[in-house]
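Understanding the architecture of this molecule
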Amino acid sequence: MSDHKPTADAFRKIRIDALISYGAEYQLELYLRLSDEKFIKVSQKEDNFESILEKYKNRGVTEVYLTLADYDYFTTSVRKAITARLSIAVAEPTKPPEISLLAGAHDVLKSLILRENTEEDTLAVAQALTQGTVKTIHMTNLLGKFSEFKKKCSREFTYALLTSQVACLMVDQFNWANDAVKEKVALAAMLCDVELLPEDFDLLKDSGLAKENLTKKITFHPLNTAHLLAKESKFFSQETLTIVEQHHEMPSGGGFPKGISYQRISQLTAIYIVAHYFVDQMFDKTYREALHADRCRTVVELIKNQFVSGVFRKASEALASVFDQGKMA
Ligand SMILES: [Fe+2]
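Residues numbered from 1 in each chain as written. Predicted model: local features only at pLDDT ≥ 70, side-chain atom pairs only at ≥ 80, totals over all residues.

1. Comments concerning the overall build of the protein chain
How we decide: In this description a helix means any DSSP run of H or I spanning at least four residues, a strand means any run of E spanning at least two, and both kinds are numbered starting from the N terminus. Radius of gyration here uses only the C-alpha atoms, and the compact-globule reference equals 2.2 Å multiplied by the residue count raised to the power 0.38. Our exposure labels follow a C-beta count within 10 Å of each residue's own C-beta, placed from the backbone: buried means 20 or more other C-beta atoms, exposed means 12 or fewer, and partly exposed covers the counts in between. Here, residues touch in the contact sense if the C-beta positions derived from the backbone fall within 7 Å of one another.
Each helix and strand counted, the protein chain has 15 helices and 5 strands in total. For a compact globule of 329 residues, the expected C-alpha radius of gyration is about 20 Å, and the protein chain comes in at 20 Å, within 12% of that figure. Seen along its three principal axes, the alpha-carbon backbone of the protein chain occupies a region of about 60 × 50 × 45 Å. Put simply, the protein chain has 329 residues, and 42% of those count as buried. Contacts in the protein chain between residues at least 24 apart in sequence constitute 70% of all its contacts with a sequence separation of at least 6.

2. Quick word on the domain arrangement of the protein chain
Note the threshold: Domain ranges listed in this record stem from an automatic or a database domain assignment.
Once the domains are mapped, the protein chain shows domain 1 (2-70) and domain 2 (141-324). The C-alpha-based centres of domain 1 and domain 2 are spaced at 33 Å.

3. Quick look at unusual backbone geometry
Note the cis peptide between F256 and P257, where omega equals 5 degrees. With respect to the secondary-structure elements, P257 resides in the loop between α12 (238-246) and α13 (267-282). The phi dihedral of E116 is positive, around 60 degrees, even though this residue is not glycine. Along the polypeptide, E116 turns up in the loop between α5 (99-114) and α6 (120-139). Given 9 C-beta atoms within 10 Å, E116 falls into the exposed group.

4. Considering α5
Helical geometry note: an α-helix holds 3.6 residues per turn, so side chains three or four residues apart project in the same direction. We apply this condition: A helix is expected to span 1.5 Å multiplied by its residue count minus one.
Between its terminal C-alpha atoms α5 stretches 22 Å, which fits the 22 Å expected from 16 residues at 1.5 Å a residue. With 14 of 16 residues buried, α5 is to be regarded as a mostly interior element. Where α5 ends, the next residue or the one after it, E116, has phi of about 60 degrees, a positive value.

5. Observations regarding the nonpolar core
Put simply, the rule is: By definition, a nonpolar core groups buried Ala, Val, Leu, Ile, Met, Phe, Trp, Tyr and Cys residues that connect through C-beta atoms lying within 7 Å of each other.
With 88 residues, the main nonpolar core has M170, V185, I271, V274, F278, A315 and L319 as its most contacted residues. For this core, the two domains that each supply at least three residues are domain 1 (2-70) and domain 2 (141-324). In this structure, L319 is in contact with M170, V274, F278, V300 and I303, ignoring residues within four places of it in sequence.

6. Considerations on the environment of I20
Among the secondary structure elements, I20 is positioned in helix α1 (residues 16-22). Overall, I20 belongs to the partly exposed group, with 17 C-beta atoms counted inside 10 Å. Taking the C-alpha atoms as reference points, I20 and K57, separated by 37 residues in sequence, lie 9.2 Å from one another. When residues no more than four places from it in sequence are discounted, the contact partners of I20 are L53 and K57.

7. Section: the environment of V308
With respect to the secondary-structure elements, V308 resides in the loop between α14 (292-306) and α15 (310-324). The exposure class assigned to V308 is partly exposed, which follows from the 14 C-beta atoms found within 10 Å.

8. A look at the environment of E98
Turning to its location among the elements, E98 is positioned in the loop between α4 (79-91) and α5. Accessibility expressed as a C-beta count within 10 Å gives 16 for E98, which makes it partly exposed. Separated by 38 residues in the primary sequence, E98 and T136 place their C-alpha atoms 8.6 Å from one another.

9. Focus: helix α3 (residues 68-77)
Where we set the bar: Relevant arc is that of directions from the helix axis to the C-beta atoms, nothing else.
Along α3, the residues that are buried comprise D70, F74 and T75. For α3, the angular spread of the buried residues around the axis is 115 degrees, confining them to a single face. Facing away from the buried side of α3 by over 90 degrees, the exposed positions are A69 and S77. Tucked inside the fold, the buried residues of α3 contact β5 (63-67) and α5.

10. Description of the packing of α13 against α14
Applied cut-off: Every axis in this analysis is a line fitted to C-alpha atoms, fitted for helices over the stretch in contact. Angles between the N-to-C directions lie between 0 and 180 degrees. Each angle is binned into one of four classes, with values under 35 degrees roughly parallel, values over 145 roughly antiparallel, values of 65 to 115 roughly perpendicular, and all other values oblique. Left-handed describes a crossing whose near helix is turned anticlockwise from the far helix through less than a right angle; right-handed describes the clockwise counterpart. Under the convention adopted here, Pro, Cys and the residues Ala, Val, Leu, Ile, Met, Phe, Trp and Tyr are nonpolar, Asp, Glu, Lys and Arg are charged, and Gly plus all remaining residues are polar.
With their axes 10 Å apart at the nearest point, α13 and α14 run at an angle of 135 degrees to one another. Considered as vectors, α13 and α14 are oriented oblique to each other. Taken as a pair, α13 and α14 cross one another with a handedness that is right-handed. Contacts from V274, Y277, F278, Q281 and M282 in α13 reach R295, C296, V299, L302 and I303 in α14. Residue composition of the contact of α13 with α14, by class: 8 nonpolar, 1 polar and 1 charged.

Right under this line is the structure:
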């Protein structure tokens, strides 16, 4: 081991699960972060990479650091392997893809999109991840397993999965439901918060969604991300782009960034907003698995009383139907 004191800009964080799922063939130097500016190298290129990753995972380490060069190299060169692995998992008829494969793919995809990399190989990862996600939520009830998933995935991906599941269950209540619509929703869920860091999610949660408490970055992340994705309008559908752009709007115009009201929001976007709000209210720090059903009932009631106009009424009624059918247990 050797100490390094370069600036934090020289390293990029990556989830150890992403390296375990997709990095076995690589020889990368791993670093741990000791403080804001201090990183320590914990592997050499000639070390057995897999066993080192397992060792740190077993010690409870969830994130490691790569040099900027290794990070760029890994996240771009691994894309084809991710797409291939996920495509095989999606084609498997009897079981959904391993959550770690999806979570690792999301981590890599997020880092690419953040660097505005929307090359063909990147979009192929997005496509495979979306199909894997839709298959997973179709075959698994993630809502009752929040605690388990939280351990396996980043916070952002956990919430993206849960929001996708709730939104897809709601979509099923409408006669226009189909897999293509669900993929549009899932893709929006995977990407709508790529710009946010864990501390931004904390601030968002603590803000009570009051606009004056938000940073500029948080306020404009829906618009900025939608603009970025809109450059690939052949790949990203208008429905996906609209969900990304409007995912923090609220019925009465009290949301952000534009503060538009329900008359200008589509039914699919309203479904997403309600699903997102449900997950946010349901799965916070005070969530306890033993009280899942009671809490679910309370949040569904709250939403029914709060989302009462136009497309939002239809969305909150769809949520209540899903709950009444016992699909959120
Ligand atoms: Fe967001």
